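Observations on the three-dimensional arrangement
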Amino acid sequence: MAHFSGEDQAMLQAMVRQLFHSVKEKITGAPSLECAEEILLHLEETDENFHNYEFVKYLRQHICNTLGSMIEEEMEKWTSNQNQGEEFGYDTVVQRVTKRTQESKEYKEMMHSLKNIMMIVVESMINKFEEDEIRSQERHRKIQKEKSSSYCTDNCSDSDSSFNQSYKFCQGKLQLILDQLDPGQPKEVRYEALQTLCSAPPSDVLNCENWTTLCEKLTVFLSDPDPVFSFFYHSRTKYLELYFLSRESHIPTLSTGIDITNPNVNRLLKKVRLLNEYQKEAPSFWIRHPEKYMEEIVESTFSLLSVKHDQSHLVSQKILDPIYFLALIDTKAVWFKKWMHAYYSRTTVLRLLEKKYKSLITAAVQQCVQYFELCETMKANEILRYSKPCGNKQKTFYYSGQELQYIYFIHSLSLLGRLLIYIQGRKLFPIKLKNRKDLVSLTDLLVLFTQLIYYSPSCPKMTSSNYSPASMVTEVLRILCDQKECAVECLCNNIVIEALLQPIHNLMKGAKAAPYCSETALIHIADILARIASVEEGLTLLLYGENMNSSEEKSPTGAHIIAQFLKKLLDEDISVFSESEMFPVVKGAFTSVCRHIYGTCEGLQVLISYSLHESIAKAWKKTSLLSERIPTPIEGSDSVSSISQGSQNIMAWEENLLDDLLNFAATPKGLLLLQRTGSINECVTFMFNRYAKKLQTSRPKRFGYGVLVTQVASTAAGAIALQSSGFINSLITELWANLECGRDDVRVTHPRSTPVDPIDRSCQKSFLALVNLLSYPAVYELVGNQGLPNKAEYSLREVPTCIVDIIDRLVILNSEAKIRSLFNCEQSHVFGLRLLSVVCCNLDSLLLLEAQYGVSEMLLTAQEENTVETSESHREFIIDSLSVERNHVLVRINLIGGPMERMLPPRILEKGHDPYPWPMFSSYPLPKCYLSDCVTRNADLKQDNDLGKLLLRFKTSNKQTEWVENCRRQFCKMMKAKPDIISGGALIELLEKFVLHLSESPSECFFPPVEYTATDANVKNESLSSVQQLGIKMTVRYGKFLKLLKDGAEDDLTLVLKHCERFLKQQQGSYTGHDWFVSSLFMMMLGDKEKTFRFLQRFSRLLTSAFLWLPRLHISRYLPMDTVESGIHPVYFCSTHYIEMLLKAEVPLVFSAFHMSGFAPSQVCLQWITQCFWNYLDWIEICHYIATCVFLGPDYQVYICIAIFKHLQQDILQHTQTQDLQVFLKEEALQGFRVSAYLEYMEILEQNYRPVLLRDMQNIRVQST
C-alpha cells in the first residue's frame, strides 16, 4: 500500500460510492448525524449483503495480507500451549489472539496506512461533490430565469425547502434578504431571496430580531398571484383571513358551489391545501421549537376558521367560509387528529377552544344538527334525488352547495369525534346553538350521532362507502368505545342505548315502522352494541339498565330486546330482510352482540330464558347441511373461483355460528347448554383448528384459549371432545418438541442453554396447559382403565401422543428402556414428577393413578435404587433433583391434612453444611417429622359441655320455622364468638337434631322419601371399586392421625359406603370417584356407622345434600334428561357458575387474574368441593364448612369459596405475575383461612345474592307438572 496510484484511488472511490448508494435509504432516514453513524457502525448486524460489498471485500483482503501470518502464528502458539496441558475455551483463545493482534506493531502501521489512504479518497470525493453542487445550482438558476416569465401556477408547494444544507444565519444576511424581499425588487430577486430564506434553520429565523418586519413583508407577498411566495404558515393564515373578509374577493356562495376550474378558486384551494399540508406536518417537529411557535400556529388556524361573513336571510346566498375549503381539502380532519394526539399540543388546542374559539365547536355541532334535520324531513324520493349527483362523472370538477354542506358535515363529525375522546374535550359541553332553546349536552350529541346511522341516506358525492354518513358515524363511535373511560361517560347511559335500539323496536313492531333502516345500518348498530357490551359498565347497563336496584316496574332492558330480536332473526320471523344477501351478516352481527353477553355468568343468567343456544344450534345444523352440498374444488383450478361467492358466504356463516356456540363454554352453565345442543365435538374441533392456525376465536378472548379449555376439560364429554379433535395430541407433540427435541435449525449455531429451573421456560406453557387439562373427569376419561405400554424398547423418534404415553415416558420410569429413550432424562423426569404432584392434588385422580399404576410403589422403588452404600449395614440416599422431587411427591400423596396438620418437604436445597435436612425414605411408614405436632383443635370435654348448654336452649317449638331460625341464629353467634367449640360430639348432636327437624318438615324437604330396607348382611358381599377401597384406607389413616377413628373403622366405613351405593343406585348411576362427603361425615360421627347412615338418609331429602354430597345427584333421575346425558353435576353448572359470577362482582382483581392466567375458577372450586377441602383446610375448618352449609343453606358453599378467594387475593395476584397461578391453587393449602373469620362477610353476600342463588339451586330438579 506504499504505492497508492491514481487508479487505486479511483477504484476505492467507486467502492465507497457503491457502499453508500446501497445504504442511502438507511442513512437518509436517520433523524440525526449520530444515528447515521450508529447505523454504519452496526451495518454488519443489520445488512445481509454486508460481506458482498466490494469495499468490505477489499478491507478483508488487506487485513489478511497484512496480519494473516501473525494471526496464524498466535493461534499455533495457543494450540501448542493447550496440548501441553493448559486448557482454554474457544472464546478465550479468540479473545487473547485478538488482543495480541491489536497491540502489535503491524496492526498499528496498517491502521495508520488505511487512515491516510481513506482521508485522500474522502477528501477527493468531497471536492468533487462541491464542484457538482455548484454546477447544479448554476444550472438551476438558469432554468428558473428562463421559466420565470411563464411560471406554472401548480408549483405552489414548499417542497423546494432544503433542511439538509449547511447554512450559517446571521443578522447581516437577514438584512440583505429583507432588502431583496422588498416589493419594488424584480420577481427573480425576490424569489432568490425566498429560496435563501428557505435554506435557513426555522428556529433561527423565528428567533431573529427582525422577525416582525420579515413577517409583515411575507404577508404582503402572499397577496401576489404567484404561489411560489406562499411559505410561512402564520403569514398565510393572516393573508387568507384578510382575503375572506375582503369584499373585493371573489369567494363563491353556497348556491353557486365550487368550480375547481375557476382560476381564482383554484388558486385559493392550493393555498388552503398548502396550509393544510403544513398543519399535518407541523406536529412532527414543533416540539423542537419554542412553545410560542406552536401556539401561534394553533391560534392563527382557529382565527382563520372562525371567520364568518354577514349572513343574508337566504341560506343559499351564504358566502363560503374558510372551513368549507379546508373540509374540501381534508374531509376527515386529519390535521385536527394529529394536533390532538400529543399532550404537548392538545392542552393548547383545548385551552384555546374553551377560552376563545368555542364557536368552532358550536359551528361543528350546528352542522351535524342541520344535516340530521335535513335527513329527518326528507322523503324517500327526495333522498334518491339528493343522491343522484354522485353517479354523474362529468361533474368531477364541480361541487354543489348540497355536496359542500355534506363535506362540511363529515369534517365536523370527524372533528367532534376526536374531541370527545379526551376529558377536557368532553368538558366543552353543553353547547348553546342558535334557534334552539335547550343546550346541546354530550348525551344529546351522542344520540344525534346514533340517529344519523339509520336516518341518513347514502353519501351524495363520494362513491366509496367509507364516506357514507353511517360508516363515518360508526367509525367515530368505535373509537369512543375503544377508550374505556370515554365509552363509560359517552355511551353507557340509557338514553344512548335507547337511541341505538330504536330501529330494533321498530322492526319488531313491523316493517312499516322502520322505512329507513337498512341492513347496513343494523350491522353498524350491532357493531357499536357489541363494543358497549365488551365494557363492564356497558354490559351492566344492557343487562339491568341504569336503575338496577329500583323496585319500580320498568320496560325490558337492552339485553332482553337484543335477545328477542336475535331470536326472531335466527328463527327468520322477520320477513323484511329474508330475501336479502346481507341477511346472514345481520344475524351474525347481532349474534356477536349476544355472544359478549352470554359469554359472562351474569349475562347468561339474563338471556338463558331465550334458549339462544338452541336457536344458534338449529341455524348451524341447517347451514351445515347446505355447506355439505358445496362441491369439492377441482384439482388444478383456482380454489377461490371454483367456489361461488354464495358458497363461501355459507361456509363463513357456518364458522361464525360454531364460534358463537363455542363461546357458551366460557361459563360453567353455558357449557351445560352447549353440551345439550349436541355440538360440543364440532365446537372443540373448530377451536382446535383456530388454535393450530394461531387464530383467535373472538375479540373478547384476549388471553387465548386457556379459560375455554379449562372449562371444557372440567367435564367428561369435554375431555373426550378435546381428545377426538386432536387438541391433546397437538399439545403433547409441542411439549415433546420443547422438552426433548428442540428446534433442529438452531441447535448447531445456538446450543441450548442448560435449564436452571425445574421446568424450563420453554416448557412452562405446555406444563400449564396440561395442568388446566387434567381435572379428574379428564383424567378418568383419558387414563381410566388403560394400562401403560411398558415397551421393551423405545425408539428415539417415538413421540408420545396421549396422556397415558406421557405418564409412561415421563412419570413412571421403571425400566432402562424408558430412561435410554430420553435425551434429557433428568429434566424430563422432573417435569413428569411436577405434573404428577399437581394432578395428585385431586384426591380422586390420585386414587385412580394409584389403583391403576401403583405410583407410590414406583416412587419408593426409585428412591431405593437412588442410594449409595456407605457401610456394610447402612445406605444413604443420593440427594439430587430427582430424589428431592420424589420425596416431596411421596409425602404429598401419602399424608392427608390441612396447612397445620402436615409438613411437606421443600423442593429446594438449603445453604450450609446440611443442604437437605428432611429425611428420605423408601418404605412405609413415613418419618414422623412430616406429621404436625398440633394434631387438631379438637374440642375437649369442657368445650362439649359449653356447646351442650347451647343445645339445651334449642327447645322444640310448636312453630317449626321459628325453631330453625333460632337454631341458625345461635349457630352464627357461636361461630363468631367461640368457633373452636363447634366440634366434636356436641356438633354432631346439633347437626342430627337440626337435620331431623328439617327432614320432618315437608316445606324443607326438596327430594321425596326413598324406602330403604337393606341390612348389613344384604350389602356385605357387594364389592367396592379399587378407587373406593384405597379411599377407605386413606380416610382411616387420616382419622387415626386425628384420633377420631379406632381399629375396625375400615370395615365400618366399607359397610357405610356399600349401603350408600345401594341406596343411591335406586335413584341414579354409579359414581366413579370416592365419596369424600360420606368419609368426612363418618369421621365427624367418630366412626359410628349406624349414626352416619341414618343421618345420610335424612340428609338426602334436603336441597343441601345435592351440593355437599356429590354422589347424591350423579346422573340422577331427579335431574332433567338432557342434564343427565351431559354428565355434568349441579355443583359445576350451578355452584361454580355463581362462584365465577360473584367473584367478578366482589373480587374483580382476582377474577381478572384468572382470565389473564388462562384458568377458570370453576375448576379449582370443583376440586375443593368434591373432596370437601381435604388437604386444603384443617379438620376443624372442614367441619365448619359442612356445618355452615347444613345450618345456613347450600348457597353458603358459594359464599365460602368467594371468601377464600378474597382471603387469597394478594397471593393470587402475585402468582399471576409469576405465571403459576394454577399450580399454586391446586398444590397449596389455604393458609390462614378460617370459616368463622369471614362469616360476617358471607352474611352480607347472603343478603345480596340469596334470592337468585337459592332459586337457581332449586331449579336443578325436574319440576312436577
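A quick note: this is a predicted structure, and the numbers were derived from the prediction, not measured. Counting restarts for each chain, with residues numbered from 1 along the sequence as it is written. Totals for whole chains, interfaces and linings use all residues, but because this is a predicted model, local features are given only for residues with pLDDT of at least 70 and pairs of side-chain atoms are given and counted only at 80 or more. As a convention, hydrogens and water are excluded, and side-chain values are obtained from all of the structure's heavy atoms.

**Digging into the overall build of the chain**
Looking only at helices and strands, the chain has 64 helices and four strands in total. Out of the 1265 residues in the chain, the part that is buried amounts to 52%. Long-range pairs, those at least 24 residues apart, make up 75% of the contacts in the chain with a sequence separation of at least 6. In short, Shrake-Rupley with a 1.4 Å probe defines the accessible areas, and a residue's cover is counted only from the protein chains shown. Surface accessibility of the chain: about 60,400 Å² in total, with carbon and sulfur atoms responsible for 51%. Only DSSP runs of H or I with at least four residues qualify as helices, and only runs of E with at least two residues qualify as strands; both kinds are numbered from the N terminus onward. Exposed residues in this analysis have more than 50% of their type's maximum accessible area, buried residues have under 20%, and partly exposed residues fall in between, with area computed by a 1.4 Å probe over protein chains only. Any two residues whose heavy atoms approach within 4.5 Å are treated as being in contact.

**What about the packing of helix α53 (residues 1076-1084) against helix α60 (residues 1179-1192)?**
The axes used here are C-alpha line fits, helices contributing only the stretch in contact, and every angle between their N-to-C directions lies in the interval 0 to 180 degrees. At a minimum axis separation of 11 Å, α53 and α60 run at an interaxial angle of 110 degrees. By the angle between their axes, α53 is roughly perpendicular relative to α60. On the side of α53, the interface is formed by F1077, S1080, M1083 and M1084, while α60 contributes W1179, C1183 and I1186. Every angle not falling under 35 degrees, over 145, or within 65 to 115 is termed oblique; those three ranges are roughly parallel, roughly antiparallel and roughly perpendicular.

**Comments concerning the environment of Y1138**
Along the chain, the position of Y1138 falls in helix α57 (residues 1130-1146). A relative accessible area of 1% places Y1138 in the buried class. Counting along the chain gives 114 residues from Y1138 to V1252, while the straight-line C-alpha distance between them is 9.6 Å. Residues within four places of Y1138 in sequence aside, it is in contact with Q605, K669, V1198, V1252, L1253 and D1256.

**Details of helix α25 (residues 494-509)**
Two axes are fitted around each residue, one to the seven residues ending there and one to the seven starting there, and the angle between them is reported as the bend at that residue. L501 marks the point of greatest bend in α25, at about 45 degrees, and the proline P503 comes within the next four residues. Of the surrounding secondary structure, the elements contacted by the buried residues of α25 are α22 (442-455), α24 (484-490), α26 (519-533), α27 (536-544), α28 (558-570) and α29 (583-598). Positive phi shows up at G510, right after α25, with a value of about 150 degrees.

**Some points on the pattern of salt bridges**
Each salt bridge in this description consists of a side-chain nitrogen of Lys or Arg and a carboxyl oxygen of Asp or Glu lying within 4 Å of one another. Scanning the entire structure with this criterion turns up 36 salt bridges. A salt bridge links R907 to E885, with the nearest nitrogen and oxygen atoms 2.9 Å apart. Residue R907 is found in the loop between α46 (881-894) and α47 (941-952), and its partner E885 is found in helix α46; the two are separated by 22 residues along the sequence. On the basis of relative accessibility, which here comes to 22%, the residue R907 falls in the partly exposed class.

**Re the side chain of S856**
Looking at where S856 falls in the secondary structure, it is placed in helix α45 (residues 855-865). Those residues in contact with S856 that lie beyond four places of it in its chain are E850, L890, I893, N894 and Y924.

**Re the environment of F397**
Examined against the element boundaries, F397 turns out to sit in the loop between α19 (380-387) and β2 (398-399). As a C-alpha pair, F397 and I260 span 137 residues in sequence and 5.3 Å in three-dimensional space. Look past the residues within four positions of F397 in its chain and what remains in contact with it is I258, D259, I260 and T261.

**Concerning a negative patch on the surface**
Taken together, the side chains of E72, E73, E76 and E106 present a region of like negative charge at the surface. Looking at the negative patch element by element, the count peaks at three residues for helix α5 (residues 54-83). By secondary structure assignment, the location of E73 is in helix α5. Candidates for patches are residues over 30% relative accessible area with no salt bridge; among them, like charges are joined within 9 Å and nonpolar side chains (Val, Leu, Ile, Met, Phe, Trp, Tyr) within 5 Å. We count Lys and Arg on the positive side and Asp and Glu on the negative side, and we leave His and both chain ends out. Positions of charges follow a simple convention, taking NZ of Lys, CZ of Arg, CG of Asp or CD of Glu.

**Side note on helix α61 (residues 1196-1207)**
Here α61 is twelve residues long and its end C-alpha atoms lie 16 Å apart, about the 16 Å a rise of 1.5 Å per residue gives. Buried residues dominate α61, accounting for ten of its twelve residues. Taken together, the buried positions of α61 are Y1196, Q1197, V1198, Y1199, I1200, C1201, I1202, A1203, I1204 and F1205. Expected helix span is given by 1.5 Å per residue-to-residue step, counting one fewer step than there are residues.

**Considerations on the side chain of T600**
Within the secondary structure, T600 sits in the loop between α29 and α30 (601-607). With sequence-adjacent residues up to four places away left out, T600 is seen in contact with L539, T667 and K1144.

**Examining the packing of aromatic side chains**
Only Phe, Tyr and Trp rings take part, Trp by its six-membered ring, and two of them pair if their centres are within 6.5 Å. Stacked means planes under 30 degrees apart, edge-to-face means over 60, and tilted covers everything else. For the structure shown, the criterion picks out 42 aromatic pairs. With centroids separated by 6.0 Å and ring planes inclined at 25 degrees, the aromatic side chains of F1154 and F1159 adopt a geometry described as stacked. Classification of F1159 by relative accessible area gives buried; the value is 0%. One residue, R1112, lies across the ring of F1007, its end atom 4.4 Å from the ring centre. As a reminder, the over-ring test applies to NZ of lysine and CZ of arginine, requiring each to be within 6 Å of the ring centre and within 35 degrees of the ring normal. Just above the ring of Y1241 sits the side chain of K1206; from NZ or CZ to the centre is 5.0 Å.

**As for the nonpolar core**
Only buried Ala, Val, Leu, Ile, Met, Phe, Trp, Tyr and Cys residues count toward a nonpolar core, and they belong to the same one when joined by side-chain atoms within 4.5 Å. Grouped together as the largest cluster of nonpolar side chains are 352 residues, with contacts concentrated most on F449 and F590. Apart from the residues within four sequence positions on either side, F449 is in contact with C368, L413, L416, L420, V473, V476 and L477. V16, L43, F55 and Y58 belong to the second largest nonpolar core, which has 15 residues in total.

**Side note on unusual backbone geometry**
Leave glycine aside and you will find that most residues have negative phi; peptide bonds, for their part, are mostly trans. Residue P430 is reached from F429 by a cis peptide bond, and omega for that bond is 10 degrees. Residue Y924 is joined to P925 through a cis peptide bond whose omega torsion reads 0 degrees. Position of P925 among the secondary structure elements: in the loop between α46 and α47. The residue N785 is not glycine, and still its phi comes out positive at about 60 degrees. One can find N785 in the loop between α40 (776-783) and α41 (803-811). The backbone of N790 shows a phi angle near 45 degrees, a positive value even though the residue is not glycine. Tracing the sequence through the fold places N790 in the loop between α40 and α41.

**Overview of the confidence of the model for the chain**
Summarising the model, the chain shows a mean pLDDT of 83, and 83% of its residues fall at 70 or more. Every residue is assigned a pLDDT by the predictor, reflecting its confidence on a scale from 0 to 100. When the elements of the chain are averaged for pLDDT, α19 gives the smallest value, 40, and α61 the largest, 98. Scored below 50 in pLDDT, residues 459-464 makes 21 contacts in the model with residues more than four places away or belonging to other chains. The low-confidence segment residues 936-944 (pLDDT under 50) makes 21 contacts with residues lying over four places distant or belonging to another chain.

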